[in-house]
Amino acid sequence: MHRSLKISSIILTLLLLSGCASTARFPDNPPLVTARPISQPQPPESTLLILTISGGGSRASAFAYGVLEALWTTPVSDNPGSPSLLDKVNLISAVSGGSIIAAYYGLHGDRLFWDFQSNFLERDVRNEMRQRMLSLENLSRLSSTTFGSGDVLDEYFREKLYGDRPLSELFDERGPIVIINATDLFKGSRFGFTPEIFSFICSDSEQFPVARAVAASSAVPLIFTPITMKNRSGSCNHPTPKWVQQGLTEKTVNPRRHRLARTWKRYLNQVDHPYIHLLDGGLSDNLGLRAIIDQIIINDGIENALKHHELNGVQRIVLIEIDAAAGLPSEWEKKPDHPPQAVIINAASTTPLRNYNFETKDYLHNQMTEWSQNNNRADDCQKGPACTIELYFIDINLEDSFETLEGKPLSSIPTDFNLPENGAEKLISAGRQLFLQHPEFIRLMEDSNKQ
């Protein structure tokens with residue numbers, strides 16, 4: 001793919017030098033004329049089930065498919081007619097390759113298990129994208145400075161996976177809330193495609209395509225250009241959230257909320273920041289966990305976050321983290337040779353990502369555990385079911401799988417939009433097995449059957 005992109009770059013340069021640069025432009029995000037109230041989803045009965053899906057290209061989507069399939073085939077309890085665990089998922093937060101399958105499930109539901117493999121996992125999307133970008137029509141359009149390969153990816157996703165279905169459908173009551181996460185390139189922060197941020201920048205989520213959100217989340221830098229949006233903040237009478245106003249005054253007492261408030265404040269300065277350039281969500285959070293952490297920060301604690309989202313009656317919180325991050329190319333530790341530059345770059349970029357992933361998980365788990373313990377010890381808590389909060393952390397990590405492909409661990413499958421032969425089957429099997437064998441899943445099912 002890199003060679004083809006180099007050829008494309010040469011052709012584009014020739015087009016520019018010849019004065020034939022196209023005037024093609026990215027599709028505009030429709031404006032929100034008047035801010036609408038943001039509706040809250042129906043609260044769960046007693047269990048809050050959250051699913052996060054990491055980045056990792058097609059590898060991540062296939063690995064997540066195995067976990068989703070296991071959830072789909074597992075009833076909540078042994079009672080006849082019991083719904084599946086997948087039916088009970090309240091929220092999915094996904095990034096990059098994980099956003100592809102998350103959005104597909106959010107729009108199509110159980111149809112995922114009939115055609116997602118043939119529509120995406122079994123396709124050589126990398127080659128299909130290469131052919132598209134090398135077509136004469138797209139070579140001309142790609143010579144424009146306001147249309148790029150990220151926009152071609154958006155068109156591919158519309159044609160093959162999502163059509164023109166709007167972002168608002170990921171937040172209706174027909175399934176779980178699905179948050180697609182990208183990275184705001186010049187703010188260095190997570191950009192979640194949610195009704196809140198769309199109201200903030202005065203953009204209409206009911207007319208913004210899911211495909212474009214997924215393209216932004218999956219736009220790997222240097223391979224794809226950013227997805228660009230217009231910032232119309234201040235044009236739809238949307239009030240500045242109180243937490244932003246408060247957070248701006250809390251630099252020393254609440255530095256995390258202060259930092260987040262400063263980022264959101266930059267959107268308010270529409271004159272200096274009229275455009276938003278979005279790239280791969282893995283640059284700011286490769287796990288999808290920051291969407292949850294940010295809610296804790298915004299609401300100044302887990303308890304306030306639950307109250308804000310009308311989740312006061314929750315007795316159990318189940319957090320399923322699907323982590324398909326790439327492993328380090330450790331086979332080079334068996335050789336005295338200097339690794340090639342590509343291997344060095346791969347390891348150098350993977351190392352900080354792995355460390356950040358660990359710290360993110362550890363921070364969230366510690367926050368939730370400490371809050372749960374304090375809540376259960378509170379003086380006004382009678383140790384009854386309405387007071388005690390039970391936590392289940394189900395961390396599904398691809399590196400824990402013993403499955404191999406051609407003698408190598410599955411985490412060595414490259415992060416790309418295609419999978420090697422038998423790669424999808426192996427990854428699906430690994431995801432399914434790791435989930436069903438996880439001690440916290442087994443404990444969850446035992447507790448469910450006691451009730």
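Numbers given for residues are sequential positions, taken from 1 along each chain in its written order. It should be noted that, the model being predicted, local features are given only for residues of pLDDT at least 70 and side-chain atom pairs only at 80 or more, the latter also being counted only at that level, while totals for whole chains, interfaces and linings use all residues. With hydrogens and water set aside, each side-chain value is computed from the structure's full complement of heavy atoms.

**Points about the packing of aromatic side chains**
For step 1, the next point in the chain: Pairing of aromatic side chains here covers Phe, Tyr and the six-membered ring of Trp, requires ring centres within 6.5 Å, and sorts the geometry by plane angle: under 30 degrees stacked, over 60 edge-to-face, intermediate tilted. Taken as a whole, this structure holds 20 aromatic pairs when the rule is applied.
For step 2, the next point in the chain: Ring geometry for phenylalanine 193 against phenylalanine 208: centres 5.8 Å apart, planes inclined by 25 degrees, an arrangement best described as stacked. Note that phenylalanine 193 is positioned in the loop between strand 4 (189-192) and helix 8 (195-200) and phenylalanine 208 in the loop between helix 8 and helix 9 (210-218), a separation of 15 residues in sequence.
For step 3, the next point in the chain: On the basis of relative accessible area, phenylalanine 193 is assigned to the buried category, the value being 0%.
For step 4, the next point in the chain: Each member of the aromatic cluster is reached from another via a ring pair, and the members are Tyr104, Phe116, Phe120, Tyr156, Phe157, Tyr162, Phe224 and Phe417.
For step 5, the next point in the chain: By definition, being over a ring means that NZ of Lys or CZ of Arg is both within 6 Å of the ring centre and within 35 degrees of the ring normal. A cation over an aromatic ring shows up here: arginine 256 above the ring of tyrosine 363, its NZ or CZ 4.3 Å from the ring centre.
For step 6, the next point in the chain: Directly above the ring of tryptophan 332 sits lysine 335, whose terminal nitrogen or CZ lies 4.1 Å from the centroid. Each helix corresponds to a stretch of at least 4 residues labelled H or I by DSSP, and each strand to a stretch of at least 2 residues labelled E; elements are numbered beginning at the N terminus. For every residue, the accessible area (1.4 Å probe, protein chains only) is compared with the maximum for its type, and the residue is labelled buried under 20%, exposed over 50%, or partly exposed between those bounds.

**Side note on the nonpolar core**
For step 1, the next point in the chain: In this text, buried Ala, Val, Leu, Ile, Met, Phe, Trp, Tyr and Cys residues form a nonpolar core when linked through side-chain atoms within 4.5 Å. Judged by nonpolar contacts, the single largest core of 121 residues is most densely connected at Phe157, Tyr162, Phe191, Phe193, Ile320 and Phe435.
For step 2, the next point in the chain: In this view, phenylalanine 157 contacts Ile100, Tyr162, Gly163, Ala211, Val214, Ala215, Ser218 and Phe417; residues no more than four positions away in its chain are not counted. In what follows, residue pairs with any heavy atoms lying within 4.5 Å of each other are defined as contacts.

**Focus on helix 12 (residues 290-298)**
For step 1, the next point in the chain: When you tally the buried positions in helix 12, you get eight out of nine residues, the bulk of the element.
For step 2, the next point in the chain: Buried within helix 12 we find Arg290, Ala291, Ile292, Ile293, Asp294, Ile296, Ile297 and Ile298.
For step 3, the next point in the chain: Trailing helix 12 by a residue or two, aspartate 300 shows a phi angle of about 60 degrees, which is positive.

**As for a nonpolar patch on the surface**
For step 1, the next point in the chain: Only residues above 30% relative accessible area that lack a salt bridge enter a patch, with like-charged residues linked at up to 9 Å and the nonpolar side chains Val, Leu, Ile, Met, Phe, Trp and Tyr linked at up to 5 Å. To measure how exposed things are, a 1.4 Å probe is used in the Shrake-Rupley method; for residues, cover is taken only from the protein chains shown. Put simply, a salt bridge is a Lys or Arg side-chain nitrogen that is within 4 Å of an Asp or Glu carboxyl oxygen. A contiguous nonpolar patch, built from Leu185, Phe186 and Leu283 and spanning about 300 Å² of accessible area, is present on the exposed surface.
For step 2, the next point in the chain: Mapping leucine 283 onto the fold places it in the loop between strand 6 (275-279) and helix 12.

**Considering the pattern of salt bridges**
Close approach of charged atoms allows side chains of opposite charge to pair.
For step 1, the next point in the chain: Overall, the coordinates contain 27 salt bridges when judged by the stated rule.
For step 2, the next point in the chain: Linking glutamate 128 and arginine 123 is a salt bridge whose minimum nitrogen-to-oxygen distance equals 3.0 Å.
For step 3, the next point in the chain: Given the relative accessible area of 21%, glutamate 128 is considered partly exposed.
For step 4, the next point in the chain: The closest approach of N and O atoms between arginine 126 and aspartate 416, which form a salt bridge, is 3.1 Å. On the criterion of sequence distance, the pair formed by arginine 126 in helix 5 (residues 125-133) and aspartate 416 in the loop between strand 10 (408-409) and helix 15 (423-436) is long-range, its members being 290 residues apart.
For step 5, the next point in the chain: The structure contains a network of salt bridges with shared partners spanning Asp151, Asp154, Arg158, Asp164 and Arg212.

**Here's the deal with the pairing of strand 6**
For step 1, the next point in the chain: Following DSSP output, two strands are said to pair if at least two bridges run between them. Direction of pairing for strand 3 (residues 177-184) relative to strand 6: antiparallel, over a ladder of two bridges. Note on strand 6: the bridge partner recorded for aspartate 184 is leucine 278.
For step 2, the next point in the chain: Both strand 5 (residues 227-230) and strand 6 contribute to a ladder of four bridges, which runs antiparallel. Its bridge partner lying in strand 6, isoleucine 227 is registered against leucine 278.

**Description of helix 11 (residues 255-268)**
Residues that lie three or four places apart on an α-helix share one face, since the helix turns once every 3.6 residues.
For step 1, the next point in the chain: Expected helix span is taken as 1.5 Å per residue step, with the number of steps being one fewer than the number of residues. Taking 1.5 Å of rise per residue, 14 residues should cover 20 Å, and helix 11 covers 20 Å from first to last C-alpha, within 8% of that figure.
For step 2, the next point in the chain: Here helix 11 has its buried residues at Arg257, His258, Leu260, Ala261, Thr263, Trp264 and Tyr267.
For step 3, the next point in the chain: Turning to helix 11, the residues buried within the fold contact strand 3, strand 4, helix 8, helix 10 (242-247), strand 6 and helix 12.

**As for the packing of helix 2 (residues 57-72) against helix 4 (residues 112-121)**
For step 1, the next point in the chain: For helices, the axis comes from a line fit to the C-alpha atoms of the stretch in contact; other axes are also lines fit to C-alpha atoms, and the angle between any two N-to-C directions lies between 0 and 180 degrees. Packing of helix 2 against helix 4 brings their axes to within 12 Å, and their N-to-C directions diverge by 170 degrees. On the basis of the axis angle, helix 2 is roughly antiparallel to helix 4. On helix 4, the residues that touch Ser58, Ser61, Ala62, Tyr65, Leu68, Glu69 and Trp72 of helix 2 are Leu112, Phe113, Trp114, Phe116, Gln117, Phe120 and Leu121.
For step 2, the next point in the chain: Under the grouping applied here, Gly and all other residues not named as nonpolar or charged are polar, the nonpolar ones being Ala, Val, Leu, Ile, Met, Phe, Trp, Tyr, Cys and Pro and the charged ones Asp, Glu, Lys and Arg. Broken down by class, the residue content of the contact of helix 2 with helix 4 amounts to ten nonpolar, three polar and one charged. Here the word oblique covers every angle except those under 35 degrees (roughly parallel), over 145 (roughly antiparallel) and from 65 to 115 (roughly perpendicular).

**Topic: unusual backbone geometry**
For step 1, the next point in the chain: A positive phi angle, near 55 degrees, is found at serine 96, a position not held by glycine.
For step 2, the next point in the chain: Inspection of the secondary structure assignment puts serine 96 in the loop between strand 2 (91-95) and helix 3 (97-108).

**Some details on the state of the cysteines**
For step 1, the next point in the chain: In this description, the term disulfide denotes a pair of cysteine sulfurs within 2.5 Å. Under the counting rule described, the total for this entry stands at one disulfide.
For step 2, the next point in the chain: Residue cysteine 202 pairs covalently with cysteine 236 via a disulfide, S to S 2.1 Å. As the torsion about the S-S bond is roughly -75 degrees, the cysteine 202-cysteine 236 disulfide counts as left-handed. A residue pair is termed long-range when its members are at least 10 positions apart, and cysteine 202 in the loop between helix 8 and helix 9 and cysteine 236 in the loop between strand 5 and helix 10 qualify at 34 residues.
For step 3, the next point in the chain: By relative accessible area, which is 0% here, cysteine 236 ends up buried.

**Remarks on the side chain of serine 84**
For step 1, the next point in the chain: Tracing the backbone through its elements, the reader meets serine 84 in the loop between helix 2 and strand 2.
For step 2, the next point in the chain: Once you skip the residues sitting within four places of it in the chain, serine 84 turns out to touch Leu71, Trp72, Thr74, Pro75 and Val76.

**Regarding a positive patch on the surface**
For step 1, the next point in the chain: In this tally Asp and Glu are treated as negative and Lys and Arg as positive; neither His nor the chain ends contributes. For the purpose of locating charges, the reference atoms are NZ of Lys, CZ of Arg, CG of Asp and CD of Glu. Taken together, the side chains of Lys251, Arg262, Lys265 and Arg266 present a region of like positive charge at the surface.
For step 2, the next point in the chain: Mapped onto the fold, arginine 266 is located in helix 11.

**A short note on a negative patch on the surface**
For step 1, the next point in the chain: A contiguous patch of negative charge on the surface is contributed by Glu122, Glu406, Glu421 and Glu425.
For step 2, the next point in the chain: You can see glutamate 421 is positioned in the loop between strand 10 and helix 15.

**Section: the environment of proline 27**
For step 1, the next point in the chain: Assignment of secondary structure puts proline 27 in the loop between helix 1 (2-17) and strand 1 (47-53).
For step 2, the next point in the chain: Sequence separation between proline 27 and arginine 290 is 263 residues, and the spatial gap between their C-alpha atoms is 28 Å.

**Observations concerning the environment of threonine 350**
For step 1, the next point in the chain: Residue threonine 350 is classed as buried on the basis of its relative accessible area, which comes to 8%.
For step 2, the next point in the chain: A C-alpha to C-alpha distance of 27 Å links threonine 350 and glutamine 117, two positions 233 residues apart in sequence.
For step 3, the next point in the chain: Setting aside residues up to four positions removed in sequence, threonine 350 forms contacts with Ala326 and Leu328.
For step 4, the next point in the chain: Counted as a polar contact is a pair of N or O atoms within 3.5 Å, where, for protein atoms, one must be capable of donating a hydrogen and the other of accepting one, and residues adjacent in sequence contribute only when both atoms are in side chains. One polar contact links the side chain of threonine 350 to the main-chain carbonyl oxygen of asparagine 346, over a distance of 2.7 Å.

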